[in-house]
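Coordinate analysis (summary)
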Amino acid sequence: MSDTKNPYQAMFAQYQEMAKAFNPALESFTPKGFEALWPTMPKDVMEMFFGNTLNQGGLDAKTRLLLMLGALTMLGAQADAQMRLTIRHLVEAEATKQEIVETIGQMSMFAGIPATTRAMEIVQEVLAEQEGQDT
């Protein structure tokens, strides 16, 4: 271990080495690559796993995803890939742009302006990608 690394860098390097030992393919893993592995689930599948199908009278998939988006907003720039995925799922679950933006805006008091701004940037990127695919 190098003397120039702080404890967090050393710990991160140790975790990377452990991951390589478990699975050498993890050496080239990136969050962007994770996004490509998980396409958007159809709405009926989301309802089955995350909505009222298995939890009668509970929250529907869209509401659960909006709650998840709020939580991911709180994490700031630590969860870009997860946020993109959640926004794509929200579009599939028929959430409106207004509902998505309001959810993020609601978190501004708790997450702060930088985290909220980053979340809004991601929403714009994902919605622009979605519009590009629809044409």
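A short tour of the structure in this document, coming up. All values derive from a computational prediction rather than experimental measurement. Along every chain, residues carry numbers that run from 1 in the direction the sequence is written. Since the coordinates come from a predicted model, pLDDT governs what is reported: local features require at least 70, and pairs of side-chain atoms require 80 or more to be given and counted, while whole-chain, interface and lining totals use all residues. Side-chain measures were taken over the full set of non-hydrogen atoms in the model, leaving aside hydrogen atoms and water.

**Concerning unusual backbone geometry**
Basically, it comes down to this: Runs of H or I in DSSP of at least four residues are treated as helices and runs of E of at least two as strands, each being numbered from the N terminus. When a residue's accessible area, from a 1.4 Å probe over protein chains only, is under 20% of the maximum for its type it is buried; when over 50% it is exposed; and in between it is partly exposed.
Within the chain, Glu-94 stands out as a residue other than glycine whose phi angle is a positive 70°. Looking at where Glu-94 falls in the secondary structure, it is placed in the loop between helix H5 (80-92) and helix H6 (97-106). According to the relative accessible area criterion, Glu-94 is exposed, its value standing at 55%.

**Thoughts on the pattern of salt bridges**
The following threshold applies: Every case where a carboxyl oxygen of Asp or Glu lies within 4 Å of a side-chain nitrogen of Lys or Arg is listed as a salt bridge.
One pass over the full model with this rule turns up 5 salt bridges. Between Glu-99 and Lys-62 there is a salt bridge, with the nearest N and O atoms lying 3.1 Å from each other. With Glu-99 in helix H6 and Lys-62 in helix H4 (residues 61-74), this residue pair connects regions lying 37 residues apart in the sequence. On the basis of relative accessibility, which here comes to 27%, the residue Glu-99 falls in the partly exposed class. The salt bridge involving Arg-118 is made with Asp-80; its shortest N-O contact spans 2.6 Å. Of this pair, Arg-118 sits in helix H8 (residues 113-134) while Asp-80 sits in helix H5, placing them 38 residues apart in sequence. By sharing partners, the salt bridges in this structure join Asp-80, Arg-84, Arg-118, Glu-121 and Glu-125 into a single network.

**As for the packing of H4 against H6**
The criterion, for reference: Axes here mean lines fitted to C-alpha atoms, for a helix over just the part in contact, with angles spanning 0 to 180 degrees between N-to-C directions. The labels follow the angle: roughly parallel below 35 degrees, roughly antiparallel above 145, roughly perpendicular from 65 to 115, and oblique for the rest. Here is the rule for handedness: rotate from the far helix to the near one, and if that takes an anticlockwise turn smaller than a right angle the crossing is left-handed, while a clockwise turn gives right-handed. Contacts are assigned to residue pairs with any non-hydrogen atoms lying within 4.5 Å of each other.
One way to put it is that H4 packs onto H6 with a least axis distance of 8 Å and a crossing angle of 40°. Between H4 and H6, the angle falls in the class oblique. With respect to the hand of their crossing, H4 and H6 are arranged in right-handed fashion. Residues Lys-62, Leu-66, Leu-69, Gly-70 and Thr-73 of H4 pack against Glu-99, Ile-100, Thr-103 and Ile-104 of H6.

**A closer look at the side chain of Thr-116**
Position of Thr-116 among the secondary structure elements: in helix H8. The residues contacting Thr-116, other than those within four sequence positions of it, are Thr-73, Ile-104, Met-107, Ser-108 and Ala-111.

**Some words on the nonpolar core**
Generally speaking, a soluble globular protein has its nonpolar side chains buried in company with each other. Put simply, the test is: Note on terminology: a nonpolar core comprises buried Ala, Val, Leu, Ile, Met, Phe, Trp, Tyr and Cys residues joined through side-chain atoms within 4.5 Å.
By size, the foremost hydrophobic cluster in this structure holds 17 residues, and its most contacted members are Leu-69, Met-83, Ile-87, Leu-90, Ile-100, Ile-104 and Val-123. For this core, the secondary-structure elements that each account for two or more residues are H4, H5, H6 and H8. Here the element with the most residues in this core is H8; it accounts for 5 residues. When neighbours within four sequence positions are excluded, Ile-100 is seen to be in contact with Leu-66, Leu-69, Leu-90, Ala-95 and Val-123.

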